[in-house]
Amino acid sequence: MEGDIANLGQYIGAGLAGIGSGAAAIGVGNVAGNFLSGALRNPSAAAGQTATLFIGIAFAEALGIFSFLVALLLMFAV
Amino acid sequence: MATETHGAESASGMPQLDPSTYSNQIFWLVLALVAIYLLLSRVALPRIGAVLAERQGAITNDIAAAEELKLKAAEAEKAYDKALADARAEAAEITAETKASMQAELDAALAKADAEIAEQQKESAARIGEIRDSATANVEAVAKDTAEALVAHLGGQADSGQIAGVVSSKMGGR
Amino acid sequence: MADKATGEGASHAAEAAGHAAEGGSGLNIHPMDQFVVEPLFSDGPVHMFTVTNSTLWLALAVLGVALLLVVGTRGRAVVPSRVQSVAELAYGFVHKMVEDVAGKDALKFFPYIMTLFLFIAFSNMLALLPMSFSPTSQIAVTAVLGFSVFIAVTVLGFVLNGSKFLGLFWVSSAPLVLRPILAVIELISYFVRPVSHSVRLAGNIMAGHAVLKVFAGFAGALGLFSFIPILAITGIYALELLVAFIQAYVFTILTCVYLKDALHPSH
């Protein structure tokens, strides 16, 4: 190890940014779970809402991808 | 520093952030998108749309034809049912007619037989009557003769007329 | 390193230190190397018209689209062959998506949306071949896609609706006090759209490929026990196949949603 304090900060920051992936996972799970419980309650309406489901998942996941991007930027680009 | 092993390849750590390749990537991307768009809008999409429309038309036509055939089949069935009912009615009529005619013949035959029997009965009765009458006459004659003989034997003067009257009255009073 | 014009001269020292640290550990994993754009036929720098690995895989995507949708349907059979039925399936899938999400009057933009869908789907799928290059993992590529959709939709919204398009940001169903705040939020979220739209695609593909590469590095380092990461790679590969399709689907459906906003801006 070179003992560079800046590197230390980078790696710690990247690791912290990785928490965002977990948060996004919670969000996506929430969307899918709520969709499923709604769909089981009213299966006839579920088929028309799959597009909405995917849009919701995409929005939730985009933020997780942002945190992944932050981690990558800290690791490789800063 | 030991960076020369792969330093030349990953020049900026994250290759996506190397702006020197942007113009190249964007140029080829736009070229690829235009190529795909031209392929799709000029050739592929009209063709697939036409095929789908044609199939839809074919399916619609087939369904219409099937509907028509179904109608025809229903009509044919109706006609068949009607023919069957007609035939059945005719058969029933014929049966009834035959039965009626047979009944009539039978009745006629029965009547004839009855008439014959009645005539024969009448004849028989007449003959029996004759036989009885003749038998009665015979008995009367025999009774007269017997009475005359008896009277003569007893020594009386037999008045044949009186005897005949008595015998007749006895016989008739019977 | 000096011959590569990176344009990021400031960070070379930190980078070198980073690589030194990586080289120091036993694992020799460079998950980002697969995203390097390099010339195919020469060693020189990448100019605008240089034929690179990116060019090759973009061309293969075009070729794939042509094979599926042009060569595959040349029979024009009423009873379709296998390839033709796949092409018809893709056509029907996107057609229905545009009609359901954006409305019937959006169908005149169907060829553009179909182009986007097929390009992304084919690049994603082809990128899963070993030794391949994934154009959709490049932020430059997805940014062009995302921002062109954004600009097209914004221009379209103003051309079709005039100033009424601004009603998108003025939520008339909310209480009057909240409306300015909502307008700011809506405005920000509107301008974040192209960023998230493009970063989502690039980030998903990049993350998946990097994870595959990291596990491949484990497999190289573990020797006899390499079957564990190989099993993991198999599972992740299956997931990546799903992601490759879903990202194309999501990109397309979000394009349809944005298009709907442009065509019918009333909330």
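What counts as what
- Residues numbered from 1 in each chain as written.
- Chains lettered and ligands numbered in written order.
- Predicted model: local features only at pLDDT ≥ 70, side-chain atom pairs only at ≥ 80, totals over all residues.
- Heavy atoms only, no water.
- Helix = DSSP H or I, 4+ residues; strand = E, 2+ residues; numbered from the N terminus.
- Contact = heavy atoms within 4.5 Å.
- Buried area = accessible area lost by both parts, 1.4 Å probe.
- Salt bridge = Lys/Arg side-chain N within 4 Å of Asp/Glu carboxyl O.
- Polar contact = N/O pair within 3.5 Å; in protein donor to acceptor, adjacent residues only side chain to side chain.
- Nonpolar A, V, L, I, M, F, W, Y, C, P; charged D, E, K, R; others polar.
- Buried < 20%, exposed > 50% of the residue type's maximum accessible area, 1.4 Å probe, protein only.
- Phe/Tyr/Trp six-rings, centres within 6.5 Å; stacked < 30°, edge-to-face > 60°.
- pLDDT = per-residue confidence, 0-100.
- UniProt positions renumbered as here; feature names shortened; annotations may be inferred.
- Patch = residues over 30% accessible without salt bridge, like charges linked within 9 Å, V, L, I, M, F, W, Y side chains within 5 Å.
- Areas by Shrake-Rupley, 256 points an atom, 1.4 Å probe, with all protein chains shown as cover.
- Lys, Arg positive; Asp, Glu negative; His and termini not counted.
- Charge placed at Lys NZ, Arg CZ, Asp CG, Glu CD.
- Core = buried A, V, L, I, M, F, W, Y, C linked by side-chain atoms within 4.5 Å.
- Expected span 1.5 Å × (residues − 1).

Focus: the overall build of chain C
Right, so step 1: Helix and strand content of chain C: 7 helices and 0 strands.
Right, so step 2: When the helices and strands of chain C are read in sequence order from the N terminus, they spell out α-α-α-α-α-α-α.

Notes on the interface of chain B and chain C
Right, so step 1: Counting from both sides, the interface comprises 45 residues of chain B and, opposite them, 55 residues of chain C.
Right, so step 2: With both sides pooled, the region where chain B packs onto chain C buries about 4800 Å², and carbon together with sulfur makes up 71% of that total.
Right, so step 3: Inspection of the region where chain B meets chain C yields 1 salt bridge.
Right, so step 4: A salt bridge links Glu88(C) to Arg55(B), with the shortest nitrogen-to-oxygen separation between them at 2.8 Å.
Right, so step 5: Viewed at the interface, chain C and chain B are joined by 13 residue pairs in polar contact (both at pLDDT 80 or more).
Right, so step 6: Its residues assigned to classes, the side of chain B that touches chain C shows 25 nonpolar, 14 polar and 6 charged.

Observations regarding the pattern of salt bridges
Right, so step 1: A full pass over the atoms with the stated rule returns 5 salt bridges over all chains.
Right, so step 2: A salt bridge links Glu140(B) to Lys144(B), with the shortest nitrogen-to-oxygen separation between them at 4.0 Å. Of the two residues, Glu140(B) and Lys144(B) are both situated in helix α1 (residues 22–153); the distance of 4 residues between them amounts to about one turn of the helix.
Right, so step 3: We classify Glu140(B) as partly exposed; its relative accessible area is 21%.
Right, so step 4: On the basis of relative accessible area, Lys144(B) is assigned to the partly exposed category, the value being 27%.
Right, so step 5: In this structure, Glu99(C) engages Lys104(C) in a salt bridge whose closest nitrogen and oxygen atoms are separated by 2.5 Å.

Here's the deal with the environment of Met32(C)
Right, so step 1: With respect to the secondary-structure elements, Met32(C) resides in the loop between α1 (12–24) and α2 (53–71).
Right, so step 2: Met32(C) sits 175 residues away from Ala207(C) along the chain, and the two C-alpha atoms are 9.8 Å apart.
Right, so step 3: Ignoring sequence-local partners within four residues, the contact set of Met32(C) consists of Leu72(A), Phe76(A), Gly13(B), Met14(B), Pro15(B), Gln16(B) and Met206(C).

Overview of the packing of aromatic side chains
Right, so step 1: What the rule picks out here adds up to 18 aromatic pairs over all chains.
Right, so step 2: For the ring pair Phe54(A) and Tyr249(C), a centre distance of 5.0 Å and an interplane angle of 85° mean the geometry is edge-to-face. In this pair, Phe54(A) is assigned in helix α3 (residues 50–77) and Tyr249(C) in helix α7 (residues 227–263), connecting two distinct chains.
Right, so step 3: On the basis of an interplanar angle of 85° and a centroid distance of 4.6 Å, the ring pair of Phe27(B) and Phe49(C) is categorised as edge-to-face. Of the two residues, Phe27(B) sits in helix α1 while Phe49(C) sits in the loop between α1 and α2, which places them in two different chains.
Right, so step 4: Look at Phe27(B) and you get partly exposed, because its relative accessible area is 23%.
Right, so step 5: An aromatic cluster is built from Phe147(C), Phe150(C), Phe158(C), Phe165(C), Phe169(C), Tyr190(C) and Phe191(C), whose rings are joined through pairwise contacts.

Overview of the interface of chain A and chain B
Right, so step 1: Each partner contributes to the interface: chain A provides 5 residues, whereas chain B provides 4 residues.
Right, so step 2: With both chains or domains summed, chain A and chain B bury close to 340 Å², and 82% of this area falls on carbon and sulfur atoms.
Right, so step 3: Joining chain A to chain B, the criterion identifies 0 salt bridges.
Right, so step 4: Run the count over chain A and chain B and you get 0 residue pairs in polar contact (both at pLDDT 80 or more).

Observations concerning the confidence of the model for chain C
Residues and elements named next belong to chain C.
Right, so step 1: Summarising the model, chain C shows a mean pLDDT of 85, and 89% of its residues fall at 70 or more.
Right, so step 2: The spread of mean pLDDT over the elements of chain C runs between α1, the lowest at 42, and helix α4 (residues 110–126), the highest at 95.
Right, so step 3: Here residues 1–25 is a poorly scored stretch, pLDDT under 50, and it has 36 contacts once near neighbours within four places are set aside; other chains count.

Concerning the UniProt feature "coiled-coil region" (unreviewed entry) in chain B
Right, so step 1: Here the UniProt feature "coiled-coil region" (unreviewed entry) sits at residues 66–123 of chain B.
Right, so step 2: Along residues 66–123 of chain B the backbone is 100% helical and 0% strand, and the end-to-end C-alpha distance reaches 83 Å.

With respect to the side chain of Thr154(C)
Residue and element names in this part refer to chain C.
Right, so step 1: Considering the arrangement of structural elements, one finds Thr 154 in helix α5 (residues 139–161).
Right, so step 2: Note on Thr 154: relative accessible area 16%, which makes it buried.
Right, so step 3: Apart from the residues lying within four places of it in its own chain, the contact partners of Thr 154 are Phe 165 and Tyr 190.

A short note on a negative patch on the surface
Right, so step 1: Where like charges cluster on the molecular surface, the negative patch consists of Asp86(B), Glu90(B), Glu93(B) and Glu97(B).
Right, so step 2: Along the chain, Glu90(B) turns up in helix α1.

Describing the nonpolar core
Right, so step 1: In this structure, Leu40(B), Leu69(C), Met114(C), Leu118(C), Phe119(C), Leu145(C) and Leu259(C) are the most contacted members of the largest nonpolar core, which totals 68 residues.
Right, so step 2: Taken together, the elements giving at least two residues each to this core come down to α3 of chain A, α1 of chain B together with α2, α3 (82–102), α4, α5, α6 (179–222) and α7 of chain C.
Right, so step 3: A per-element tally of this core places α7(C) first, with 12 residues.
Right, so step 4: Ignoring anything within four residues of it in the chain, the contact list for Met114(C) reads Leu40(B), Leu45(B), Leu69(C), Ala90(C), Tyr91(C) and Val94(C).
Right, so step 5: One finds Leu72(A), Phe76(A), Met14(B) and Met32(C) within the second-largest nonpolar core, a separate group that totals 9 residues.

Quick look at α5(C)
Right, so step 1: The first and last C-alpha atoms of α5(C) sit 32 Å apart over 23 residues, in line with the 33 Å expected at 1.5 Å per residue.
Right, so step 2: Backbone geometry just downstream of α5(C) places Gly162(C) in the positive-phi region, at approximately 65°.

A few points about unusual backbone geometry
All names here are of chain C.
Right, so step 1: Although it is not a glycine, Arg 76 sits at a positive phi angle of roughly 50°.
Right, so step 2: Residue placement: Arg 76 occurs in the loop between α2 and α3.
Right, so step 3: Residue classification places Arg 76 among the partly exposed residues on the basis of a relative accessible area of 47%.
Right, so step 4: Positive phi outside glycine occurs at Met 131, with the angle close to 70°.
Right, so step 5: Its place among the elements puts Met 131 in the loop between α4 and α5.
Right, so step 6: Note on Met 131: relative accessible area 81%, which makes it exposed.

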